[in-house]
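Secondary and tertiary structure notes
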Amino acid sequence: MSLITFFKPQQKNILFIQSGKRLLAPHKKTIADIRSIAGLSTKFWNAFYLNTLINLAEYIQELPASESHHHSDRGGLLAHTLETALNALRIRRGKLLPPNSDAETVTKFKDVWTYAVFTAALCHDLGKPITDMSIELLGKKKNKIANWSPFRGPMSSYKEAHEYLIQYRRNRVYGSHERASALYAHHIIPMVGIEWLASNQDVFFYWTNIL
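Residues numbered from 1 in each chain as written. Predicted model: local features only at pLDDT ≥ 70, side-chain atom pairs only at ≥ 80, totals over all residues. Heavy atoms only, no water.

We now examine the overall build of the chain. Broken down by element type, the chain carries ten helices and five strands. Buried residues in the chain amount to 48% of all 211 residues. Pairs at least 24 residues apart make up 73% of the contacts formed inside the chain by residues separated by at least 6 positions. Total accessible area on the chain is roughly 11300 Å²; 53% of this is exposed by carbon and sulfur atoms. (Helix = DSSP H or I, 4+ residues; strand = E, 2+ residues; numbered from the N terminus. Buried < 20%, exposed > 50% of the residue type's maximum accessible area, 1.4 Å probe, protein only. Contact = heavy atoms within 4.5 Å. Areas by Shrake-Rupley, 256 points an atom, 1.4 Å probe, with all protein chains shown as cover.)

This is the structure in structure tokens:
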């Protein structure tokens, strides 16, 4: 008996590897809402938020968020992840962080706490490609290049890879993706972003525990 099932997108089984910017294009409204809540200058938005979003999109491509539940269609994982990040930021807007701190401390570290909420939300389903799926990378002639290992970086980092085929594992352990996300969050979050999070020990403690 096969241990995998083929995912069947609405249009075709084989999908093209695309750039992060192109994959984000249909989500301009959600990204604009995220930027509005973040409230940062263009320089900081580009360095921390936009680069993170581009990395995310290039990493998860048009993978579905689930086999048969919510966002199970083509590109569902990206759409769901962006929506989750936006909702997390909306909730964060009504919270004073760090907890039980004076107004000066809350104001001083507001932006790094917001970035922690944003990146943790983006990573919440990041483990699904390794725990729930098996993905074959194909060349331009539909020849198999390799099985994608998310630990090695995005699909685009594989030389000659042009397309990919998604298969679902039948023997996957439900919920295991939640523990796997932290193992390759560094492929999504720029090094300057991780260093910023680590610069505040309270932020880093909560952030790593959430992951």
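On we go.
We now examine the side chain of H80. Looking at the secondary structure, you find H80 in helix α4 (residues 76-92). Side chain to side chain, H80 and D125 meet in a polar contact 3.3 Å long. (Polar contact = N/O pair within 3.5 Å; in protein donor to acceptor, adjacent residues only side chain to side chain.)

All right, on to the pairing of strand β4 (residues 144-147) then. Moving residue by residue along a regular strand, the side chains alternate between the two faces of the sheet. Examined bridge by bridge, strand β3 (residues 133-138) and β4 share three bridges and lie antiparallel to one another. Along β4, the bridge assignment pairs E136 with N147. The loop that links β3 with its antiparallel partner β4 comprises five residues; one of these, K142, has a positive phi angle of about 70°. (Pairing = 2+ DSSP bridges.)

In the structure shown here, the tally under the stated rule is 14 aromatic pairs. Relative to Y115, the ring of Y49 lies with its centre 5.3 Å away and its plane at 65°, an arrangement referred to as edge-to-face. Residue Y49 is located in helix α3 (residues 42-60), and its partner Y115 is located in helix α6 (residues 110-122); the two are separated by 66 residues in the primary sequence. Take Y49 and Y115: they sit in the same class, and that class is buried. Arranged with centres 4.5 Å apart and planes meeting at 35°, the rings of Y49 and F118 form a pair that is tilted. (Phe/Tyr/Trp six-rings, centres within 6.5 Å; stacked < 30°, edge-to-face > 60°.)

Before going further, it helps to spend a moment on α3. With 19 residues, α3 extends 25 Å between its outermost C-alpha atoms, agreeing within 8% with the 27 Å of an ideal straight helix rising 1.5 Å per residue. By the largest-angle criterion, L50 marks the main kink of α3, which is about 35°. Taken together, the buried positions of α3 are occupied by W45, F48, Y49, T52, L53, I54, L56, A57, Y59 and I60. Immediately downstream of α3, the backbone of Q61 shows phi near 50°, a positive value. (Expected span 1.5 Å × (residues − 1). Bend = angle between axes of the 7 residues up to and from the residue.)

This part takes up the nonpolar core. Core analysis: the largest hydrophobic core is formed by 57 residues, its most contacted members being Y49, L63, F118 and Y164. No other element matches α3, which puts nine residues into this core. The contact partners of F118, leaving out residues within four places of it in the chain, are I34, Y49, T52, L53, A85 and L89. (Core = buried A, V, L, I, M, F, W, Y, C linked by side-chain atoms within 4.5 Å.)

Attention now goes to the layout of surface pockets. A volume near 220 Å³ is recorded for the second largest pocket. Every residue lining the second largest pocket is counted, 13 residues in all, and those nearest its centre are L97, A116, V117, A120 and I210. For the lining of the second largest pocket, the secondary structure elements donating two or more residues are α6 and α10 (201-210). The element that contributes the greatest number of residues to the lining of the second largest pocket is α6, accounting for five residues. For the lining of the second largest pocket, the residue count by class is twelve nonpolar, one polar and no charged. (1 Å grid on protein atoms, 1.4 Å probe; cavity = no way out; pocket = protein on both sides within 12 Å on 5 of 7 lines; lining within 4 Å. Points joined across faces, edges and corners; volume = space filled by probe spheres on them. Nonpolar A, V, L, I, M, F, W, Y, C, P; charged D, E, K, R; others polar.)

Turning to the pattern of salt bridges, a few remarks are in order. Inspection of the entire model under this criterion finds five salt bridges. Measuring nitrogen to oxygen at the nearest pair gives 3.1 Å for the salt bridge that ties E62 to R74. With E62 in the loop between α3 and α4 and R74 in the loop between α3 and α4, this pair connects stretches of sequence that are twelve residues apart. The class for R74 is partly exposed, based on a relative accessible area of 24%. Salt-bridge contacts for K110 lead to D111; the nearest nitrogen and oxygen are separated by 3.0 Å. Residue K110 is classed as partly exposed on the basis of its relative accessible area, which comes to 38%. (Salt bridge = Lys/Arg side-chain N within 4 Å of Asp/Glu carboxyl O.)

Moving on, we get to helix α9 (residues 191-198). Listed as buried for α9 are G193, I194, W196 and L197. Around the axis of α9, the buried residues are gathered within 160° of arc, so they sit on the same side. Residues of α9 that are buried sit in contact with α3, α6 and α10. (Arc of directions from axis to C-beta.)

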